[in-house]
Amino acid sequence: MVFPLNRRWVLPATVMLSAALLPARGQARATRPGVSIFAPVLIYHHVKLLKPTDNAIERGLTVLPAQFDAQLDHLRTHGYSTVTAIALIAHLLKSTKLPPNPVVLTFDDGYTDVYVDVYQQLRRRHMVATFFIVPGFLNTPRYLTWSQVTDMEHHGMDIEAHSMSHPDLTTLRPEAVWQEVTRSRQVLMARLHHPIDIFAYPYGAYNTAVLRAVSRAGFQAALTTHQGWVARSDQLLTLPRVYIDIDDTLAVFAGRLRAVPAVLAQDPT
Ligand SMILES: [Zn+2]
C-alpha cells in the first residue's frame, strides 16, 4: 500500500542530532521478521498554530490543533484505546490488563500549549496521555506551570520525567548525568507524591553510561526517539516511538498506527 508521502520527513534538528548520536537501529519493527510488534507510542511536542516567525525546528516539533483533533477523532472512530505509558509498562512487566488496540500518546518538554490544545481535547473525549516534563522549565515562559501539571495529573494524565534542564546527556560528565536524571525523578515525586517510573531521553540521546544512570535512579523504562512500534521483546530502557509530523495526512497517520511498513519505515536517520 502506498501512502501519499511525497517527500522525506523534515525532522527537527533535535531529532536529527539524536539520530546522529545513536547506533543504527532504525529499521521499522514492522519490517523485521520474527518481531512481535505490540503498540504504537506516538511522539508529539507542540500542538499549536504556526506563527510566521516559527523556524524549521519549531515547525518540525509542531502539529496543528485541527490536525490533532482529527487524529483523536480517528482513534475514537477506529477502535483505538488511549493508554498511558505507565499502563503500557505495567502491562509489559506484570501483564496487567490493557484495553484492545492500545495506543500511547506522549508529549515531550511540557510546552504551555499542551494544556489547552491537548489536555482539554483529551478530557473532552475521555482520553489519556503521557507528558514528559522538564522540572527546571516549569513556571517559565512557554512552559507549563506546576499547578497545570498537577491539574492534568488529577484528571488522569500520566506525568513522567525528561531530565532537569534538557541537556544532551551523552555530552555530560557522569556526576552531571546523575544529577539530571535522578533530580528530575525526585522533584516530580516530591510534588506529585508517587513514584515516577519512566524517563524520556532529551533529544533521544543516550549511551551506556546514561542507560546505567537511568536504571540506577529507579526508572523502570525509558523512551527514545528511535522510530518504531514497541515490541514485547524490547529492552525497556530503549523503547521506540512513532513520530507524528505536521505534514501527515490522516491516511499517513492511520498508516503509522497500523505500522504499515511504507509509512513507518520513514526512518529519521
Ligand atoms: Zn525534549
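Basis of the calculations
- All residue numbers here refer to positions counted from 1 along the written sequence of the relevant chain.
- With the structure being a predicted model, the display of local features is reserved for residues of pLDDT at least 70 and the display and counting of side-chain atom pairs for 80 or more, all residues being used for whole-chain, interface and lining totals.
- Under the scheme used here, helices are H or I runs from DSSP no shorter than 4 residues and strands are E runs no shorter than 2 residues, and both carry numbers assigned from the N terminus.
- Three exposure classes are used, based on other C-beta atoms lying within 10 Å of a residue's own C-beta, which is placed from the backbone: buried for 20 or more, exposed for 12 or fewer, and partly exposed in between.
- It is the C-beta atoms, placed from the backbone, that decide contacts: two residues are in contact if theirs lie within 7 Å.
- Values of pLDDT, the confidence the predictor places in each residue, fall between 0 and 100.
- A fitted line through C-alpha atoms serves as each axis, taken over the contacting stretch for helices, and the angle formed by two N-to-C directions is quoted from 0 to 180°.
- Oblique is the label for any angle not covered by the other classes, which are roughly parallel (under 35 degrees), roughly antiparallel (over 145) and roughly perpendicular (65 to 115).
- By the definition used in this description, the sense in which the near helix is turned from the far one sets the handedness, with an anticlockwise turn below a right angle giving left-handed and a clockwise turn giving right-handed.
- Each residue gets one label: Ala, Val, Leu, Ile, Met, Phe, Trp, Tyr, Cys and Pro are nonpolar, Asp, Glu, Lys and Arg are charged, and the others, such as Gly, are polar.
- By the criterion used throughout, a crossover qualifies as right-handed when its path from the first strand across the helix to the second strand runs clockwise, the strands pointing away from the viewer.

Draft legend 1. Examining the overall build of the protein chain more closely. Scanning the protein chain for helices and strands turns up ten helices and twelve strands. Across the 269 residues in the protein chain, those meeting the buried criterion constitute 43%. Counting only contacts in the protein chain whose residues sit at least 6 apart along the sequence, the fraction spanning at least 24 positions is 68%.

Draft legend 2. A look at the confidence of the model for the protein chain. The pLDDT averaged across the protein chain works out to 86; a share of 83% of its residues lies at or above 70. Across residues 1–33, where pLDDT falls below 50, the model places 68 contacts with residues more than four positions away in sequence or in other chains.

Draft legend 3. Quick look at the packing of helix H7 (residues 174–192) against helix H8 (residues 208–216). Running from N to C, H7 and H8 cross one another at 40°; their axes reach a closest spacing of 9 Å. The orientation of H7 relative to H8 falls into the category oblique. Every pair of crossing elements has a handedness; the one defined by H7 and H8 is right-handed. For the pair formed by H7 and H8, the contact residues are Pro174, Val177, Trp178 and Val181 on the first element and Ala209, Val210, Ala213 and Val214 on the second. Residues belonging to the contact of H7 with H8 are distributed by class as follows: eight nonpolar, no polar and no charged.

Draft legend 4. Expanded view of the pairing of strand S8 (residues 158–161). Where burial is concerned, the two faces of S8 agree: the one with Asp158 and Glu160 and the one with Ile159 and Ala161 are both buried. In this fold, the crossover linking strand S7 (residues 130–133) to S8 by way of helix H6 (residues 146–154) has right-handed handedness.

Draft legend 5. Here's a closer look at the packing of helix H3 (residues 65–77) against helix H9 (residues 250–257). In contact at an axis separation of 11 Å, H3 and H9 are set at 50° when each is read in the N-to-C sense. By the angle between their directions, the pair H3 and H9 is classed as oblique. Once H3 is placed against H9, the crossing between them reads as right-handed. Contact residues: H3 offers Ala70, Gln71 and His74, while H9 offers Leu250, Phe253 and Ala254. Of the residues in the contact of H3 with H9, the class split is four nonpolar, two polar and no charged.

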